[in-house]
Amino acid sequence: EKEDQLQRSVRSYVSRDELLKAVPGGERLCFVDVTESAAELEMLEGKIAPHEKIECVDKAHALLQKSIASALERPERSSAPIEITGDDVLSLFILVVYRSRVKNFLA
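Residues numbered from 1 in each chain as written. Predicted model: local features only at pLDDT ≥ 70, side-chain atom pairs only at ≥ 80, totals over all residues. Heavy atoms only, no water.

Counting 25 residues, the largest nonpolar core has V32, V34, L41, L64, L92, F93 and V96 as the members making the most contacts within it. The set of elements that each furnish at least two residues to this core consists of α2 (16-22), α3 (35-42), α4 (50-73) and α5 (86-100). The element that contributes the greatest number of residues to this core is α5, accounting for 7 residues. If we skip the residues at most four places from it in the chain, V32 touches R16, L64, S67, I68, A71 and L92. (Core = buried A, V, L, I, M, F, W, Y, C linked by side-chain atoms within 4.5 Å. Buried < 20%, exposed > 50% of the residue type's maximum accessible area, 1.4 Å probe, protein only. Helix = DSSP H or I, 4+ residues; strand = E, 2+ residues; numbered from the N terminus. Contact = heavy atoms within 4.5 Å.)

Here's what the structure looks like:
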């Protein structure tokens, strides 16, 4: 039952844009591509041992950090500096979870 409730909550947003509006700072972070990080997180379902699951989440986080750095270095970005805080990374990781389509969050 808890898994179903969690899935419904995460999937209740019909689009990425709707989720970005709900997540703190999400709209200003929409320039970060979370595709690679989400793909890595999807691998979580194939992991059995706790240390494998932690490594998978760590790798997804590392890929997210790489995507943030790449996005900030793009020439088309404005010259105004953007500070990415820990809260911003958490908001982006929520987007990673949403995009990943992991079927069982509590496994």
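Structure shown, so let's carry the discussion forward.
Taking 1.5 Å per residue as the helical rise, α5 with its 15 residues ought to reach 21 Å, and the 21 Å between its terminal C-alpha atoms agrees with that figure. Buried residues of α5: D88, V89, S91, L92, F93, L95, V96, V97, Y98 and S100, and no others. On its buried side, α5 packs onto α1 (2-11), α2, α3 and α4. Positive phi appears at R101, one or two residues downstream of α5, with a value of about 60 degrees. (Expected span 1.5 Å × (residues − 1).)

All buried positions along α1 are accounted for by E3, Q7 and V10. Viewed end-on, α1 has its buried residues packed into an arc of 70 degrees, placing them on one side of the element. For α1, the exposed residues set more than 90 degrees away from the buried face come down to K2 and R8. Where α1 is buried, its residues meet α5. (Arc of directions from axis to C-beta.)

Attention shifts here to the pattern of salt bridges. Pairs can form between side chains of opposite charge once their charged atoms are near each other. Across all of its chains, the model carries 3 salt bridges by this definition. For the salt bridge of D17 with R16, the shortest nitrogen-to-oxygen distance reads 3.7 Å. When its relative accessible area of 25% is taken as the criterion, R16 is described as partly exposed. The partner of D88 in a salt bridge is R28, and the shortest N-O contact between them spans 2.5 Å. Of this pair, D88 sits in helix α5 while R28 is found in the loop between α2 and α3, placing the two residues 60 residues apart along the sequence. Among the residues examined, D88 registers a relative accessible area of 5% and is labelled buried. (Salt bridge = Lys/Arg side-chain N within 4 Å of Asp/Glu carboxyl O.)

As a packed pair, α3 and α4 sit with axes 8 Å apart at the nearest point and diverge in direction by 175 degrees. Relative to α4, the element α3 lies roughly antiparallel. For the pair formed by α3 and α4, the contact residues are E36, S37, E40 and L41 on the first element and C56, V57, K59, A60, H61, L63 and L64 on the second. Here the residues of the contact of α3 with α4 sort into 6 nonpolar, 2 polar and 3 charged. (Axes fitted to C-alpha atoms, helices over the stretch in contact; angles between N-to-C directions. Parallel < 35°, antiparallel > 145°, perpendicular 65-115°, else oblique. Nonpolar A, V, L, I, M, F, W, Y, C, P; charged D, E, K, R; others polar.)

Let us look at the confidence of the model for the chain. Per-residue confidence for the chain gives a mean pLDDT of 86; residues scoring 70 or more make up 93%. Looking over the chain, one finds the lowest element-wise mean pLDDT in α1, namely 78, and the highest in α3, namely 95. (pLDDT = per-residue confidence, 0-100.)

So, about the side chain of S67. Within the fold, S67 resides in helix α4. The residues touching S67, leaving out its near neighbours within four places in the chain, are V32 and D33.

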